[in-house]
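# Structural overview
Listed below are the residues making up each chain.
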Amino acid sequence: MRLPSSVLVSVSLFTAETTAALYLSSTYRSAGDQIWQCFTLLFTLVPSVLVQLTLIFIHRDLSRDRPLVLLLHILQLGPIIRCLDAFCIYGSAGKVEEPYVTITRKKQIPREGQTEEVEQEVGQAEGKLVTHRAAFARTSVIQAFLGSAPQLTLQLYICVLQRAVSIGRGTLMVISLLSIVYGALRCNILAIKIRYDDYEVSVRPLAYLCVFLWRGFEIATRVTVLVLFSSVLKVWVLPVVSVNFVLFFLRPWVLFWSSRSPFPENIEKTLTRVGTTIVLCLLTFLYAGINVFCWSAVQLRLDDPDLIDKGQAWRRVAVYYSLRFVENTVLTLMWQLFSSSPAQGFGECCGSLCLPGGTLSQPGSIRTKPAGKDIGDDPPCVTKGDIGQSLCGTV
């Protein structure tokens, strides 16, 4: 029985990001930046609520008499109690005889043209750990793309505006980036296991490292382009991101309606038609959120009984990255067109970490006193040659 390390990693990232976001929001409140405080809390609480609902749904707690667990989920402490439960199951495994086991059959990867089918016995304890791992794999994806990705974009945008990186903001950005990359990594592993469901698949550490680097550079590039574009043309970034999101959200539904397939009824037997529709909408919402920032790896198909397309996706990968390259190129060209000194604001933000003496500034609005001015005077607002000039005075 394997150690539930993936559960521990998911809970650690969730707890660390939530704690850092709450601390940073308190500093925004002290500095009087209520807008940044509200957005920081929004990108923290919304994914947290969705994580709690996902854990309750997968573990079917509503049909059980577990009031304490439900109370902890309401208090947003569900992932912690689930992690403790998983490690308690792992620690007690083997000490009590299993009343019954489940026989599973898996094929090994063909070698020299021969395929061997292997039977395995899965006890109750191991089955519960499998449920925990599956639940936290899904919550990691939700936390990554509905919370960490918008949070990272917001905090990097604030850094560009204020041309400084505080300790709290820098910590939150690092944790958010790790959470996004880990969520994308879980998507890739899930796609591999779905594709080769009949086989016993083991992913080597080198493969994890390659996917981690690929996803890290992909997401970092995407977030940087969005932040640079929004720092100059703050109004136009909303239509670009909204159109992206709506297209990815509607695509599975359009394919479903065009296929004239019956409405999916196999998600959960206890759900009504309305409940199934809500679950499918939330699933499509998550799918769109993933594709806005990176390749989802798992293709959603509402007309498929498994809701996942198991076919080869090389053509879709090529089309996706081609469109993303064109979009990023257009955004970068527009940013350079409307900013006379493109690297100034972002360069000063990154360079603030390397300046000797007082390298990390305190969070909040930053106002620089020009020479020859009294303390109460406002600094002049320049109209050109600055990445944050179009937003001068907004913070």
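Whatever comes next refers back to the structure up there.
Attention in this report is confined to the structure presented alongside it. One numbering rule holds for all chains: residues counted from 1, following each sequence as written. Totals for whole chains, interfaces and linings use every residue, but because this is a predicted model, local features are given only for residues with pLDDT of at least 70 and side-chain atom pairs only at 80 or more, for both listing and counting. Working from all heavy atoms in the structure, the side-chain values ignore hydrogens and water.

### A short note on the side chain of Asn244
Applicable threshold: The numbering of helices and of strands both runs from the N terminus, where a helix is a DSSP run of H or I of at least 4 residues and a strand a run of E of at least 2. By definition in these notes, contact holds between two residues if any of their heavy atoms fall within 4.5 Å.
Note on placement: Asn244 falls in helix α8 (residues 237-259). The residues contacting Asn244, other than those within four sequence positions of it, are Arg222, Val292, Arg324 and Glu327.

### Observations concerning helix α2 (residues 34-59)
Heads up, the condition is: For a helix, the expected span equals 1.5 Å multiplied by the residue count minus one.
For α2, which comprises 26 residues, the first-to-last C-alpha distance of 37 Å matches the rise-based estimate of 38 Å (1.5 Å per residue) to within 8%. Of the residues flanking the end of α2, it is Arg60, one or two places downstream, whose phi is positive at about 55 degrees.

### A few points about the nonpolar core
To be explicit about the condition: As used in this record, nonpolar core signifies buried Ala, Val, Leu, Ile, Met, Phe, Trp, Tyr and Cys residues forming a set joined through side-chain atoms within 4.5 Å. Here's how the labels work: a residue is buried when its accessible area is under 20% of the maximum for its type, exposed when over 50%, partly exposed in between, all with a 1.4 Å probe on protein chains only.
One finds Trp36, Phe145, Ile219, Val223, Ile290 and Phe293 to be the most contacted residues of the largest nonpolar core, which totals 56 residues. Secondary structure elements with two or more residues in this core: α1 (5-31), α2, α4 (78-92), α5 (124-162), α6 (167-195), α7 (205-232), α9 (273-293) and α10 (314-338). Broken down by element, this core gets its largest block of residues, 18 residues, from α5. Ala191, Phe248, Trp295 and Val317 belong to the second-largest nonpolar core, a separate cluster that totals 10 residues.

### Let's talk about the packing of aromatic side chains
How we decide: Within 6.5 Å between ring centres, the rings of Phe, Tyr and Trp (the latter by its six-membered ring) count as paired, and their orientation is classed by plane angle as stacked under 30 degrees, edge-to-face over 60, tilted in between. We call a charge positioned over a ring when the NZ of a Lys or the CZ of an Arg lies within 6 Å of the ring centre and within 35 degrees of the ring normal.
Across all of its chains, the model carries six aromatic pairs by this definition. Taking 6.5 Å as the distance between ring centres and 10 degrees as the angle between the ring planes, the aromatic pair formed by Phe245 and Phe249 counts as stacked. Of the two residues, Phe245 and Phe249 both sit in helix α8, four residues apart, roughly one turn of that helix. Under the relative-accessibility criterion, Phe249 is labelled partly exposed at 21%. Taken together, a centroid distance of 5.9 Å and an interplanar angle of 35 degrees make the contact between Trp253 and Trp257 tilted. In this pair, Trp253 and Trp257 are both assigned in helix α8, four residues apart and thus about one turn of the helix distant. Classification of Trp257 by relative accessible area gives exposed; the value is 58%. An aromatic cluster of at least three residues, connected via ring pairs, comprises Phe245, Phe249 and Phe285. Above the ring of Trp214, the side-chain terminus of Arg215 is found at 4.5 Å from the ring centroid.

### Examining the pattern of salt bridges
Pairs may arise between side chains of opposite charge once their charged atoms sit close together. Which entries qualify depends on this criterion: For this document, the term salt bridge refers to a Lys or Arg side-chain nitrogen within 4 Å of an Asp or Glu carboxyl oxygen.
For the coordinates displayed, the defined rule picks out one salt bridge. The residue Glu218 makes a salt bridge to Arg215 at a minimum N-O spacing of 3.0 Å. Highlighted residues: Glu218 and Arg215, both in helix α7, separated by three residues, approximately one helical turn. The exposure class of Glu218 is buried, given its relative accessible area of 14%. According to the relative accessible area criterion, Arg215 is buried, its value standing at 0%.

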